[in-house]
Every structure is written in structure tokens, then in C-alpha cells.
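Secondary and tertiary structure notes
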Amino acid sequence: MSSDDFIVTPWHVEGKIDYNKLIKKFGTEKISRQLLNTIEKIAGESHFMLRRGIFFSHRDLTRTLNDYKKGNKFFLYTGRGPSGHTHIGHLVPWVFAKWLQDKFKTNMYFQLTDDEKFFAKSKLTLEDANKFAYENALDFIALGFKPNNTKIIIDTKNIESLYPIAAKFAKKINFSNTKAVFGFTNQTNVGMIFYTSLQSAPCFLEDRPVLIPLGVDQDPHFRITRDIAPKLGLPKPALIHNIMIPSLLGTGGKMSASDDNSTIYTTDTPEVVKKKINKYAFSGGQPTIEEHRKKGGNPDVDISYQYLRIFFEPDDKKLKKLHDDYKSGKLLTGELKSILIEKINKFLKKHQQEREKARDKVDKYMFK
Ligand code: TRP
């Protein structure tokens, strides 16, 4: 793979992603200025993740919003493959989904795919994936979702509700389709081959169209769902895609829940956060202070700056000041890191409290 090549599939992300190229490759649409205005008009405010292009691409969002304006509501759906503890990168689409839910007053379904991760990870037992599903559910609830309009689905538990829909999809997906989309081989287990049908199922839990906020790596599943839906007389799901959240190490790829050092978990203590950022967060700064003062840093590759941009500094003015000061050399890497550490720890303190409270409420959210 050459340095400007990249790979994006649901199970493998590698290289430095060129998002404009990815839009062409996947055949999605870039979120235009006009579409941003439409969202803002309906929502009554804009969201920093939209303004900054963290959500950058979509399928059929224009149609969904036009229908909404005419009084035809949609519902929301997203999900998580519970292969380990939740890390801060996972929270990006969920926080945005919460905003959408509040602004558009919709129901929300959250799918935890313990079966998928069991199929995909050779060392993960089904029992452990299921335990992580419950742990991950706590993080979702901690973000403020309410049980009256939010339901959590766990594949192995809710299979009765999902299976009739999944079966209809499975009949329309042939092996050569999935092979072409996901690069499956003769060694791929049949659970993986069937899996797209199950991820499709929650799109049709309500008798109205769905909008899915998701990491762009998940798009291939729904490309298949969208091809098949009309053949079954069902509406095509609409999608809004976020960029992949870079790992602390900054070397392309996404933050992965299976590499401790490249990841900040929502369960990390303040000391661990401090240590990880200081030790591992890739720096766009210069090797010495003198050089940094003279030449300045590069915020585009600096992971601390990127985390502030993506999640931890919603205030545009403050962010711009950090950007400009870092670029000019006024702000040092160590200083930028301590700003980020403080923001993450402040966020996690509240999150961890809410997460513990969620243990007693989780039952109310479970899809029945
Ligand atoms: N496959 C996703 C993952 O590995 C989990 C998932 C299930 C999902 N349904 C979804 C993600 C809908 C986004 C939208 O994380």
C-alpha cells in the first residue's frame, strides 16, 4: 500500500484517509453549505460537529429533511460492536445523535452487536462480547438518552424481533454481493456473511424512514441495505457519516478498542488519561522549544488539537485561538496537552458518575 492509499471497511481501517476521495469511492454525497443551512433552520441552531466537517457526508439526508418539513418524521438508529470498553471516539456519533434526537424529537434505537464482534474477533468469546454490550449500554445512557424514546437492542437477546426482518434481507443478499463489498474469502465464517442482514434489521423497526448517524466505515453495510429495501417495499435508510476518529498515535487508522495505548476509555482514571496523552498523543510540535517558538506546530496532525476540534472544545473562538497560537509557536505541545487532559478529565468525571447511575436504569431502556 503506498502512502496515499487507504482502506476503509467496517472491520479494517488503514492509511491516511482522503475524505473527498472516499466520498467518490463510496458514492455518497458531501454535506453542502445549503444542506447545513437547512439543518440549522429546522434545528434552530447549528452543531459544531457539522460546522467543522466531523460529519461530512450523507445519503438521502436532503430527502429526509424535506419530508420532515412536510410533517413526515423519521426515527434514529445507530449502534456499536461491543468488542471492549467504550472509548472516547465512540461517543462522537452518539453525542451528535442525542442532539438530533432533541432537535427533531424522534425515537432512537441503539444496536449492540455482540454476535458480530464474536464472529469478527478470533479471541473474543460470545459471553465476553455480551458483557461488553451491557457495559457499552451504560456509556450510551450516560449521555442523557431517556427511556421513553430510546431503546437498546442486543442482538443475542432481541433476535426474535430482528430475525423476521433479517431473514427477508438475507434471502436477497447473495455471496458474491457481500464478497465484493467486504472482501470475504472462502475462509470467512458464515456468521460474518449473514451479519449485514442483522445490522439492516433495526432500520425497519418503525413504520417510517430511518436516519442513521454513523462512522463512515459502516457505510458498506447500509449500501447493501439500501439496494434491497425497495425490493421489499421498504424505505431506503438515510445516513449521515462522521470521519474516523484518529488513534492517539496519530498514524492513520481509527482509534481501536483493542490497543490500550492508542485509546482513551470512558472508564480511564484521570491519572491514566494524563499519562496516555502525555506519553502517546502524537505531537505536531517541533523537537525543541526554540525550534517550536521559531517554526510553530502543525495542528492538522497534532492529536491533542484534533481531539479538541472533534469533541472537547465546542467553542469555535476558543478553538481558533488554540489553532493560531499553536501554529505560531506561542503555544507549546506540553501546554496544548494539558489543556486537553483537563477537558477530557472534566468530561469523564461527569460521564463516569452518569455511567454508574445508569446501572440501575439500564433495564428501562432494553428493547422488548
Ligand atoms: N457494526 C457496528 C460496529 O462494529 C455496530 C453497529 C450496528 C452500527 N448497527 C449499527 C453502527 C448502526 C452504526 C450504525 O461498531
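Computed from a predicted model, the values in this text were never measured in an experiment.

A closer look at the packing of helix α14 (residues 303-312) against helix α15 (residues 316-328)
The geometry of α14 relative to α15 is characterised by a closest axis approach of 10 Å and an angle of 165 degrees between their N-to-C directions. The orientation of α14 relative to α15 falls into the category roughly antiparallel. Regarding α14 and α15, the two cross each other, and that crossing is left-handed. Here α14 contributes Y305, L308 and R309 to the contact with α15, which in turn contributes L319, L322 and H323. Of the residues that constitute the contact of α14 with α15, the class distribution is four nonpolar, one polar and one charged.

Digging into the packing of α14 against helix α16 (residues 333-365)
Interaxial distance between α14 and α16 falls to 9 Å at its minimum, and their mutual angle equals 35 degrees. Taken as a pair, α14 and α16 cross one another with a handedness that is left-handed. Taking contact as the criterion, the partners of S304, Y305, Y307, L308, F311 and F312 in α14 are, on α16, L336, K337, I339, L340, K343, I344 and F347. Of the residues contributing to the contact of α14 with α16, the split by class is 10 nonpolar, one polar and two charged.

Some words on the pairing of strand β9 (residues 238-242)
For β9, the buried fraction is high: five of the five residues fall into the buried class. Side chains A238, I240 and N242 of β9 all project onto a buried face; the interleaved residues L239 and H241 project onto the opposite face, where all are buried too. Looking at chain direction, strand β8 (residues 210-215) and β9 are connected through five bridges and run parallel. Paired with G215 across the two strands is N242, which belongs to β9.

Structural notes on unusual backbone geometry
A positive phi angle, close to 60 degrees, is found at D60, a residue other than glycine. Tracing the backbone through its elements, the reader meets D60 in the loop between β4 (55-59) and α4 (61-69). We note that K105 has phi near 50 degrees; this positive angle belongs to a residue other than glycine. Along the chain, the position of K105 falls in the loop between α5 (88-104) and β6 (108-112). Taking relative accessible area as the criterion, K105 reaches 58% and is therefore assigned exposed.

Section: the site of the ligand
Near the ligand there are 15 residues, and of these Y77, Q111, E116, Q199 and Q218 occur at the shortest range. Residue Q111 places a side-chain N or O atom 2.9 Å away from a nitrogen atom belonging to the ligand. Take K117: an N or O atom from its side chain is 3.2 Å from an oxygen atom of the ligand. Out of a free accessible area of 370 Å², the ligand has 92% covered by protein chains. Listed by contribution, the elements that provide at least two residues to the shell around the ligand are β5 (75-80), α6 (114-120), α10 (190-200) and β8. Top contributing element to the shell around the ligand by residue count: β5, with four residues. Grouping the constituent residues of the shell around the ligand by class yields five nonpolar, seven polar and three charged.

Digging into the pattern of salt bridges
Tallied over the entire structure, the rule returns 21 salt bridges. The residue E135 makes a salt bridge to R359 at a minimum N-O spacing of 3.2 Å. One end of the pair, E135, is in helix α7 (residues 126-142); the other, R359, is in helix α16, with 224 residues separating them in the sequence. With its nearest N and O atoms 3.3 Å apart, the salt bridge here joins E206 to R208. With relative accessibility at 17%, the residue E206 sits in the buried group. Taken together, the shared-partner salt bridges connect E135, D139, R355, E356 and R359 into one network.

Observations concerning the domain arrangement of the protein
Per the domain assignment, the segments making up the protein are domain 1 (7-248) and domain 2 (260-358). Each of domain 1 and domain 2 was reduced to a C-alpha centroid, and the two centroids are 28 Å apart. In this assembly, 23 residues from domain 1 lie in contact with 30 residues from domain 2. Taken together, both faces of the contact between domain 1 and domain 2 bury some 2400 Å²; the carbon and sulfur share is 65%. Among the residues of domain 1 in contact with domain 2, R52, I88 and L248 are the three that bury the most area, contributing 37% of the side total. Where domain 1 packs against domain 2, one counts four salt bridges.

Conventions and cut-offs
- Residues numbered from 1 in each chain as written.
- Predicted model: local features only at pLDDT ≥ 70, side-chain atom pairs only at ≥ 80, totals over all residues.
- Heavy atoms only, no water.
- Axes fitted to C-alpha atoms, helices over the stretch in contact; angles between N-to-C directions.
- Helix = DSSP H or I, 4+ residues; strand = E, 2+ residues; numbered from the N terminus.
- Parallel < 35°, antiparallel > 145°, perpendicular 65-115°, else oblique.
- Left-handed = near helix turned anticlockwise from the far one by under 90°.
- Contact = heavy atoms within 4.5 Å.
- Nonpolar A, V, L, I, M, F, W, Y, C, P; charged D, E, K, R; others polar.
- Buried < 20%, exposed > 50% of the residue type's maximum accessible area, 1.4 Å probe, protein only.
- Pairing = 2+ DSSP bridges.
- Near = heavy atom within 4 Å.
- Polar contact = N/O pair within 3.5 Å; in protein donor to acceptor, adjacent residues only side chain to side chain.
- Areas by Shrake-Rupley, 256 points an atom, 1.4 Å probe, with all protein chains shown as cover.
- Salt bridge = Lys/Arg side-chain N within 4 Å of Asp/Glu carboxyl O.
- Domains from an automatic or database assignment.
- Buried area = accessible area lost by both parts, 1.4 Å probe.

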